[in-house]
Amino acid sequence: MTRIGVVTFPGTLDDRDTQRAVRVAGAEAVPLWHRDKDLKQVDAVVLPGGFSYGDYLRAGAISRFSPVMETVIEQARGGMPVLGICNGFQVLTESHLLPGAMLRNESLHFVCREQKLRVENAGTAWTADYSAGQEIHIPLKNIDGRYTADERTLDMLEAEGRVAFRYLDVNPNGSQRDIAGITNEAGNVVGLMPHPEHAVEPLIGTAGTDGLGFFTSILKKLVAA
Amino acid sequence: MTLDTVAHAAKTPDTEQPWAELGLKKDEYERVREILGRRPTGAELAMYSVMWSEHCSYKSSKVHLRQFGEKAPETDALLVGIGENAGVVDVGQGYAVTFKVESHNHPSYVEPYQGAATGIGGIVRDIIAMGARPVAVVDPLRFGAADHPDTKRVLPGVVSGIGGYGNCLGLPNIGGEVVFDACYQGNPLVNAGCIGVMKHEDIHLAKASGAGNKVILYGARTGGDGIGGASILASETFDDAKPSKRPAVQVGDPFQEKLLIECTLEAYAEKLVVGIQDFGAAGLSCATSELASNGSGGMTVTLDDVPLRDSTLSPEEILMSESQERMCAVVEPEKVARFLEICEKWDVIATVVGEVTDGDRLEIFWRGEKIVDVDPRTVAHEGPVYERPLARPSWQDALQADDANKLARPADADELRAQVLRLVSSPNQASKAWITDQYDRFVQGNTVLAQPEDSGMVRIDEETNLGVALATDGNGRFAKLDPYAGAQLALAEAYRNVATSGAKPLAVSDCLNFGSPEDPAVMWQFSEAVRGLADGCLQLGTPVTGGNVSLYNQTGDVAIHPTPVVAVLGVIDDVTRRTPVAFADEGHLIYLLGDTEEELGGSAWSQVVHDHLGGLPPKVDLERERLLAEILISASRDGMVDAAHDLSDGGLIQALTESCLQGGKGARVVVPDGADPFVLLFSESAGRAIVAVPRSEELRFTDMCGARGLPATRIGVIDGEEIDVQGQFSIPLSELKDAHEATIPNLIA
Amino acid sequence: MARVVVDVMLKPEILDPQGQAVQRALPRLGFEGIADVRQGKRFELEVEGPVDDAALARIREMAETFLANTVIEDFTVRVDGSGS
Amino acid sequence: MARVVVDVMLKPEILDPQGQAVQRALPRLGFEGIADVRQGKRFELEVEGPVDDAALARIREMAETFLANTVIEDFTVRVDGSGS
Ligand SMILES: Nc1ncnc2c1ncn2[C@@H]1O[C@H](COP(=O)(O)OP(=O)(O)O)[C@@H](O)[C@H]1O
Ligand SMILES: [Mg+2]
């Protein structure tokens, strides 16, 4: 069975939800502990949401130096698929696996809403089950979600099609160019602020199951590989 | 300064002690001396003063609260009742649920962010101390007038404190209340509730048993936070003019608390814990004396071993410190190593600070000397009990005679329409999304219903879809008009809310917020409210499992409205059968269940249109509530209704507005023959709800109501993009939406 | 235009979870020998007109009533020498 | 024990909504004449041992890799004269 690792840092909140989403998609969820460098032979890793280390200093700043991240960073550079959701996205930017940085929301408030997104890049390891331009609803909840990068970086991301998701209707946090998520050049590392793991069952919230595609995408890719 | 040891105290009986500054009354101090047979040491005085404060000892309320036990209904559901950190209820399938509401009113006025944040922290620790995994929080809040400048300070701070702490813990916020009223100016009410889930066999109690077992303090280091807060803040009227009385505010660290949750649950899972106690008000004094007095033996504690944040703290201060995010566990000696290992795994500091003894004394040592030697029961359970004088206020009759049904009503349809818009945009009736969107409602992936639904609902078993629902309600205006009825109306509303979403109401917790118990009028309100709630719970068959009392909510002579906040917990076998509020399907029929009388006393309409409070609150008919609940639960289980919304403040028009906006669909409403449109729309008669019935289910549904004797009136159909009250007015949804949603951001943001 | 800096720090007796989290992380990153870390806020104000005693008194009042929460925080006000 | 202060501010070109919110609130509170406000972080480090060039270099490295995120922030490091 395809093994997808889900990292728990102290202060991670959505690890159980992410494990559930992995299982709903049909893969095996493997818990990974921040103090272990060993990734237990997983085929891909998800860095879930939460407030790792309380988000003290900056969101993701302390987790980025954890032992597990040493291995994740190394293997991600080697092509292992990595998905960072919310706090996980922040860890990925702090680790420089993805460019830019995440700042306090423009409203200065925590925001929790069911957010409409457009999938801009359906070619990444985590988005193949969507089609480019597809509009989906995914819950979003953060206070440090304002994606920021310098103009050159933003232009490069646009030019290379690396803006993976864009906010529609409402830009909930003041992200530049309505960016909700991005990918690295190779398409194996993807980070986004909204929470697809909260949209895998019809029962929960009203967003439906639009988030399941993240987990089925990676599963298909790994099975095919 | 010489250390005030037990031996020293015995030799110096005439030493002056600051008992008054610590909040003790003369006779209370004398009683301490009598119990000990000598004067207390400084450390003992600290312990007694904080444990005998109103906040910790319930000395003014105890004689009344007994009714909750005496009048408790027969039920098999109650696994742990009043007296523990929180009550525990059987919800079936081997699961037990614990829930409780507590207040953090005064601290939240002083420092809104930290006060509210630590309120969440405290209630969550109560829940984990029962052995449960916390699964959701709720936050019933009350503020001063919405347009008062200080509300702009207090509300955003409180909301971001609750969000900041709860979001960081990973607990979905699934409900609460936001009420504005000038009576809460200077005395905002910040109540916080939490639900926890466990298996029956995992229930833990706060007691220290088994001589030789170790007492482990774990969590944050102890600092100088809130020293004396428990006694001084909660037992004296807060008076802004005397900032010197402000104790150091406690600062919360939700990250630390999250680690505390995880490591505690891991220790439970490995069966490492004999007894456990959270640290709330009164810190170590409370935790050690409660643990020891609930257990079979005594306890020794070495205070030098307590990890400190500030090395200059005196032993008295260590005992009184209210530093947050600390817990105390009693662990068998051979399991201590493993317990400490789990704490280390989660980066939680843990220290053995004491031991259970086979004596019956609580002895505390400092620098090798004994500074406390008490019978812990006298500290924790045998505090003073007052039978305070009570008197029906002199103004009560005049207030009730000032009949709201006589207020000027809208002269014509245009005025009716205008008043509808005023009502739905008034601060108390307006959308609270600006607030609740700052709370994470998705985390844990089990939230089936959250605000603005009638009750919050979470799934507790992924296989069977078993779930629990919680609603909190309280209407201070009703309670002011009649505290007995007001408490029952709060109960009825919370009960109805739970049933409306499809869950069966099981049990009750409460947070009783009142003015000064030293005022006989307030004490009368309190006693009436408790009597009303206890009688109501007996009649509805829902036991009170625990709760909290907050007194001294007043500025000078002016008390807040009596505000009993009631939380009702319900269970639902299959959360997929839940009933949401939203009118989502065109063509479905709208039925009004229950009877509408001309009842405007204390209503939102009387407040919004006439700034009036007088008359009598709506009548209470708990048998009708029970019948309504049964119908709503059956209808949900058998798929006869697709949406339902209970009627409360603002009456029918408020409920229609919310259901329509939530579903994005309009409604055509026909005023039944003989009904007065104004009364139909604005009356706040209890025991009512609206439901959306698919045409295919209409017969089955009306048959059921008819057979059981519940009035069900077809009042319209879901249709179009406006609320159209035939022959009266129509308001486009977009206009309603703007009116409903703009108010709070305009006032507060 | 002159710059005035207002530093706001938690009072020493108040818990500083942020500073603690940073301090605990340092050894893991290979930085030893830092006994304590406190984290506060720094405000840089660009002041129009002269920064005389009157202006500084106003800024102090602003810090006292608004920038700092004196229930839990202390503050200092100073003109930024480094200029802008 | 010596105190070293690390100030971390958002780079000038990065939007600072916190600073802006403060600045917008000032006139309402009766404080005029503040043209701009930026809000940053201040870290006070208690350093064991001597704060020599080597120690300062280490702290600068700590600021560069950890205390500040140089994608968006600038920092300064200095020994606190006020002493403790
Ligand atoms: N209003 C109330 N109704 C019922 N029980 C109450 C009420 N107030 C307090 N209690 C019960 O009294 C006990 C002591 O309350 P409290 O001191 O708040 O608990 P804790 O020590 O956990 O903070 C608890 O079991 C609580 O549930
Ligand atoms: Mg408790």
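So, here is what we can say about the structure in this document.

Cut-offs applied
Residues numbered from 1 in each chain as written. Chains lettered and ligands numbered in written order. Predicted model: local features only at pLDDT ≥ 70, side-chain atom pairs only at ≥ 80, totals over all residues. Heavy atoms only, no water. Helix = DSSP H or I, 4+ residues; strand = E, 2+ residues; numbered from the N terminus. Rg over C-alpha atoms; globule rule 2.2 N^0.38 Å. Contact = heavy atoms within 4.5 Å. Areas by Shrake-Rupley, 256 points an atom, 1.4 Å probe, with all protein chains shown as cover. Near = heavy atom within 4 Å. Polar contact = N/O pair within 3.5 Å; in protein donor to acceptor, adjacent residues only side chain to side chain. Nonpolar A, V, L, I, M, F, W, Y, C, P; charged D, E, K, R; others polar. Buried < 20%, exposed > 50% of the residue type's maximum accessible area, 1.4 Å probe, protein only. Buried area = accessible area lost by both parts, 1.4 Å probe. Salt bridge = Lys/Arg side-chain N within 4 Å of Asp/Glu carboxyl O. Pairing = 2+ DSSP bridges. Axes fitted to C-alpha atoms, helices over the stretch in contact; angles between N-to-C directions.

### Side note on the overall build of chain A
Part 1: What chain A contains, in helices and strands, is 5 helices and 11 strands.
Part 2: The C-alpha radius of gyration of chain A comes to 15 Å, within 12% of the 17 Å expected for a compact globule of 225 residues.
Part 3: Principal-axis analysis of the C-alpha atoms places the extent of chain A at approximately 40 × 35 × 35 Å.
Part 4: Relative to all contacts within chain A whose residues are 6 or more apart in sequence, the contacts with residues 24 or more apart total 72%.
Part 5: As displayed, chain A offers around 7,200 Å² of accessible surface, 47% of which is attributable to carbon and sulfur atoms.

### Topic: the site of ligand 1
All names here are of chain B.
Part 1: Tyr58, Glu84, Asp126, Asp510 and Gly547 are the nearest of the 17 residues found near ligand 1.
Part 2: Within the side chain of aspartate 510, an N or O atom sits 2.4 Å from a nitrogen atom of ligand 1.
Part 3: Between a nitrogen atom of ligand 1 and a main-chain N or O atom of asparagine 548, the distance comes to 3.1 Å.
Part 4: Summarising the interface, the protein chains cover 86% of the accessible area of ligand 1, which totals 550 Å² for the free molecule.
Part 5: Looking at the shell around ligand 1, the elements with two or more residues in it are helix 5 (62-70), strand 3 (95-103), strand 17 (504-513) and strand 18 (544-550).
Part 6: For the shell around ligand 1, the leading source of residues is strand 18, giving 5 residues.
Part 7: For the shell around ligand 1, the residue count by class is 7 nonpolar, 5 polar and 5 charged.

### Quick word on the environment of histidine 200 of chain B
All names here are of chain B.
Part 1: Tracing the backbone shows histidine 200 in the loop between strand 6 (189-199) and strand 7 (214-219).
Part 2: With a relative accessible area of 29%, histidine 200 lands in the partly exposed category.
Part 3: Along the backbone, histidine 200 and valine 124 are 76 residues apart, and their C-alpha atoms lie at a distance of 19 Å.

### Points about the interface of chain D and chain C
Part 1: Taken together, the contacts link 32 residues of chain D with 32 residues of chain C.
Part 2: Contact between chain D and chain C buries roughly 2,800 Å² in total, counting both sides, with carbon and sulfur atoms accounting for 65%.
Part 3: The largest contributions to the chain D side of the interface with chain C come from Phe31, Arg42 and Phe66 of chain D, which together make up 21% of the buried area.
Part 4: At the surface where chain D touches chain C, the tally comes to 2 salt bridges.
Part 5: Elements with a contribution of two residues or more to the side of chain D that touches chain C: strand 1 (2-10), helix 1 (17-28), strand 2 (34-47) and helix 2 (53-67) of chain D.
Part 6: Looking at the side of chain D that touches chain C, its residues break down into 16 nonpolar, 4 polar and 12 charged.
Part 7: Pairing of strand 2 (residues 34-47) of chain C with strand 2 of chain D involves 13 bridges; the strand directions are antiparallel. Bridged to glutamate 46 of chain C within strand 2 of chain D is aspartate 36 of chain D.

### What to know about the sheet that holds strand 16 (residues 467-473) of chain B
Where strands meet in a sheet, backbone hydrogen bonds hold them as pairs that are either parallel or antiparallel.
Residue and element names in this part refer to chain B.
Part 1: Pairing is mixed in the open sheet, where 6 strands are placed in the order 14-15-16-21-17-18. Each having just a single partner strand, strand 14 (447-449) and strand 18 make up the two edges of the open sheet. Going across the sheet, the axis of each strand differs from the next one's by a mean of 20°, ignoring polarity.
Part 2: Across 4 bridges, strand 15 (residues 456-459) lies against strand 16 in antiparallel orientation. In the strand pairing of strand 16, glycine 456 is matched with leucine 470.

It is worth stressing that arrangement in space is one thing and function is another; only the former is reported here.
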